[in-house]
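One-letter residues, chain by chain:
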Amino acid sequence: MELQKLAHCFSICKLEDFSEVDIQAEYCFTAKTDEEISLVCITEQVPSNTIEREDGWRAFRIQGVLDFSLIGILSQISTLLAQHRIGIFVVSTYNTDYVLTKAENFEEALDVLGAAGYRISG
């Protein structure tokens, strides 16, 4: 399985509302629940109406389109990283999954996954 590194630094944010979110940005992951509005975006694109933010994240995606019948892909990745005490934040889209780690753990995470047989590109 191939993992593609993304070149950007990301931020995870809690927002007042979606009014300042650039939904046309290259990476813009939003979520809304009865308790919060969240955004994951490139750090330079964090909107000014952010209530809280956590900067310093890097990301890779599972390359290709994942069929919904596939089981355990994230479980395998998260288990390998947890064994090395590397925390993750995951965003799932219709096609694939994006895995974020703190920037200081990013290269180690890729090394761990590469040693386990994942192909790393980007």
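Up top is the structure these notes are about.
Residues numbered from 1 in each chain as written. Predicted model: local features only at pLDDT ≥ 70, side-chain atom pairs only at ≥ 80, totals over all residues. Heavy atoms only, no water.

Topic: the overall build of the protein
Then comes step 1: Helix and strand counts for the protein come out as 2 helices and 8 strands.
Then comes step 2: At 15 Å, the protein has a C-alpha radius of gyration in line with the 14 Å of a compact globule built from 122 residues.
Then comes step 3: Once the C-alpha set of the protein is aligned to its principal axes, its extents read approximately 40 × 35 × 25 Å.
Then comes step 4: The proportion of buried residues among the 122 residues of the protein is 39%.
Then comes step 5: Long-range contacts, defined as pairs at least 24 residues apart, comprise 69% of the intrachain contacts of the protein with a sequence gap of at least 6. (Helix = DSSP H or I, 4+ residues; strand = E, 2+ residues; numbered from the N terminus. Rg over C-alpha atoms; globule rule 2.2 N^0.38 Å. Buried < 20%, exposed > 50% of the residue type's maximum accessible area, 1.4 Å probe, protein only. Contact = heavy atoms within 4.5 Å.)

Comments concerning the nonpolar core
Grouped burial of nonpolar side chains is what soluble globular proteins tend to show.
Then comes step 1: If you look at the biggest cluster of nonpolar residues, it comprises 14 residues, and the most contacted ones within it are Leu3, Phe60, Ile62, Ile77, Leu81, Leu113 and Tyr118.
Then comes step 2: Those elements that place two or more of their residues in this core are strand 5 (50-62), helix 1 (73-83) and helix 2 (103-115).
Then comes step 3: Broken down by element, the residue count for this core peaks at 5 residues, all from helix 2.
Then comes step 4: Filtering out sequence-adjacent residues up to four positions away, Leu113 remains in contact with Leu3, Phe60, Ile77, Leu80, Leu81 and Tyr118. (Core = buried A, V, L, I, M, F, W, Y, C linked by side-chain atoms within 4.5 Å.)

Some details on the side chain of Thr101
Then comes step 1: One can find Thr101 in strand 7 (residues 97-102).
Then comes step 2: For Thr101, the residues in contact, after removing those within four places along its chain, are Gly56, Trp57, Arg58, Ile86, Gly87, Ile88, Phe106 and Ala109.

Notes on the packing of aromatic side chains
Then comes step 1: Taken as a whole, this structure holds 5 aromatic pairs when the rule is applied.
Then comes step 2: Feature note: the residues Phe10, Tyr27, Phe29 and Tyr98 constitute an aromatic cluster, connected by ring pairs. (Phe/Tyr/Trp six-rings, centres within 6.5 Å; stacked < 30°, edge-to-face > 60°.)

Function cannot be read off these values alone, since they describe shape.
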